[in-house]
Amino acid sequence: MNEINCKVKFLEAEDIYLRPFEKEDVGFFNRWYNDPSTRAKIGEVGPTSIFQAEKIIERNDKDSVWFAIVRKIDDKVIGETGLLRMFYAWGTTDLTIIIPDKEDQHKGYGKQTINMIMDYAFGYLNFNRIAIGVVGFNENALKFYEKVGFKKEGIQEEGYYYNYKYYDFVMMRILKREFVQLSRNNTKSN
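Described below are features of the structure shown in this document. All of these numbers come straight from a predicted model, not from anything done at the bench. (Residues numbered from 1 in each chain as written. Predicted model: local features only at pLDDT ≥ 70, side-chain atom pairs only at ≥ 80, totals over all residues. Heavy atoms only, no water.)

## Notes on unusual backbone geometry
Piece 1. Although it is not a glycine, Glu 158 adopts a positive phi angle of roughly 50°.
Piece 2. Looking at the element boundaries, Glu 158 is found in strand S7 (residues 151-162).
Piece 3. At Asn 163, a position not held by glycine, the phi torsion is positive, near 50°.
Piece 4. When you line up the elements, Asn 163 lands in the loop between S7 and strand S8 (165-175).
Piece 5. What makes Asn 163 exposed here is its relative accessible area of 54%. (Helix = DSSP H or I, 4+ residues; strand = E, 2+ residues; numbered from the N terminus. Buried < 20%, exposed > 50% of the residue type's maximum accessible area, 1.4 Å probe, protein only.)

## Examining the environment of Arg 85
Piece 1. Tracing the backbone shows Arg 85 in strand S4 (residues 76-87).
Piece 2. A residue is classified by how much of its surface remains accessible, and Arg 85, at 53% relative accessible area, is exposed.
Piece 3. Separated by 23 residues in the primary sequence, Arg 85 and Lys 62 place their C-alpha atoms 9.2 Å from one another.
Piece 4. Those residues in contact with Arg 85 that sit more than four places away from it in its chain are Asp 63, Thr 92, Thr 93 and Asp 94. (Contact = heavy atoms within 4.5 Å.)

## Thoughts on the environment of Lys 7
Piece 1. Looking at the secondary structure, you find Lys 7 in the segment before strand S1 (11-12).
Piece 2. Residue classification places Lys 7 among the partly exposed residues on the basis of a relative accessible area of 31%.
Piece 3. With 93 residues separating them in the primary sequence, Lys 7 and Pro 100 have C-alpha atoms 23 Å apart.
Piece 4. Those residues in contact with Lys 7 that sit more than four places away from it in its chain are Tyr 17, Glu 22, Glu 24 and Asp 75.

## A closer look at the packing of aromatic side chains
Piece 1. According to the stated counting rule, one finds 16 aromatic pairs in the structure shown.
Piece 2. Arranged with centres 5.1 Å apart and planes meeting at 90°, the rings of Phe 28 and Phe 29 form a pair that is edge-to-face.
Piece 3. When its relative accessible area of 13% is taken as the criterion, Phe 28 is described as buried.
Piece 4. With 5.2 Å between their ring centres and 70° between their planes, Phe 144 and Tyr 145 make a pair best called edge-to-face.
Piece 5. The partly exposed category is assigned to Phe 144, whose relative accessible area is 23%.
Piece 6. Residue class for Tyr 145 comes out buried when judged on its relative accessible area of 5%.
Piece 7. Pairwise contacts between aromatic rings join Phe 137, Tyr 160, Tyr 162, Tyr 167 and Phe 169 into one cluster.
Piece 8. Geometry around Tyr 17 places Lys 9 over its ring, the cationic atom sitting 5.0 Å from the centre. (Phe/Tyr/Trp six-rings, centres within 6.5 Å; stacked < 30°, edge-to-face > 60°. Lys NZ or Arg CZ within 6 Å of the ring centre and 35° of its normal.)

## Observations regarding the pairing of S7
Piece 1. Of the strand pairs in this sheet, S7 and S8 are connected by eight bridges, and their pairing is antiparallel. For Lys 152, the partnering residue across the bridge sits in S8 and is Met 172.
Piece 2. Where S7 hands over to S8, the hairpin turn is made up of two residues, of which Asn 163 adopts a positive phi near 50°. (Pairing = 2+ DSSP bridges.)

## Points about the pattern of salt bridges
Piece 1. Evaluated as defined, the whole model comprises 12 salt bridges.
Piece 2. Taking the shortest distance from any N to any O, the salt bridge between Lys 76 and Asp 104 comes out at 3.9 Å. One end of the pair, Lys 76, is in strand S4; the other, Asp 104, is in the loop between strand S5 (92-98) and helix H4 (109-124), with 28 residues separating them in the sequence.
Piece 3. Residue Lys 76 is classed as partly exposed on the basis of its relative accessible area, which comes to 34%.
Piece 4. Among the ionic pairs, Glu 178 bridges to Lys 151, the shortest N-O distance being 3.0 Å. (Salt bridge = Lys/Arg side-chain N within 4 Å of Asp/Glu carboxyl O.)

## A look at the sheet that holds S8
Piece 1. The eight strands are arranged S1-S2-S3-S4-S5-S6-S8-S7 in an open sheet whose pairing can be described as mixed. The sheet terminates laterally at S1 and S7, the two strands that pair on one side only.
Piece 2. In the packing of H4 onto the sheet, contacts are made with S1, strand S2 (16-19), strand S3 (65-71), S4, S5, strand S6 (129-135) and S8, and the angle to S2 comes to roughly 45°. (Axes fitted to C-alpha atoms, helices over the stretch in contact; angles between N-to-C directions.)

## Examining the nonpolar core
Piece 1. In this structure, Leu 83, Leu 95, Met 118, Tyr 145 and Phe 150 are the most contacted members of the largest nonpolar core, which totals 35 residues.
Piece 2. Elements that contribute at least two residues to this core include exactly S2, S3, S4, S5, H4, S6, helix H5 (139-147) and S8.
Piece 3. Top element by residues in this core is H4. It accounts for eight residues.
Piece 4. Leu 95 has contacts with Gly 82, Leu 83, Leu 84, Ile 114, Ile 117, Met 118, Ile 130, Ala 131, Ile 132 and Tyr 145, leaving out every residue within four places of it along the chain.
Piece 5. Formed by 15 residues, the second largest nonpolar core is a distinct cluster that contains Phe 29, Ala 53, Ile 57 and Val 77. (Core = buried A, V, L, I, M, F, W, Y, C linked by side-chain atoms within 4.5 Å.)

By themselves, these observations are geometric and do not establish any function.
Dropping the structure here:
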C-alpha cells in the first residue's frame, strides 16, 4: 500500500475511526457550522466562512486535541470530537462530540466515538475526570450522555441564550473509576 494514500486512523472502532483533521475537512465545517440546528446546539452565533473553517481544522493547541469522526465504509467525515481545557495537574478535561447530520445519528457512531475518546482520555492520557456541558433543550444529548455513564453535576440556570430565549446549561461528568467499572460490566455481559 502506498503510504501517501493511506488514511490515518488514530483510534479505531467497529464502524468508525478518529483521525486528525485534514485540509479536505474544511467543507464539512463550513457546511455544518452554518446549519441552524447545529449552531443552536454548539453556541455558534455567527456565520462561518471558508477562512474560519480552515482555522477550525488547525485549532489543536497545548490544552486541546481534536479529531474528525470518519465512517469506515466510505471514509466520510461525519462529525468531530475532542478534549479541551485539558488540565493535567488536576487530571481533568472537557469533552465535545458533534455528529450533526440526522442520517448519521442513532446508528451507534456516537457510542463508539465516546467510548474511544474516553478510553483515550482515561487510559492513555491518565485523566481522572471528563466533563461536558449540554444545552438543556438538547434532550437527546442529555439522554445519550447519561446512557454512557455521565452524571448530572449541576445546572447553569438560564446560562445559554438562543433565539430570543434563555435555556439552562446542564453540566455533566464521568470519573475514571466509573468508566472502568462500566467497561468491566460491558465486557462481562458480552
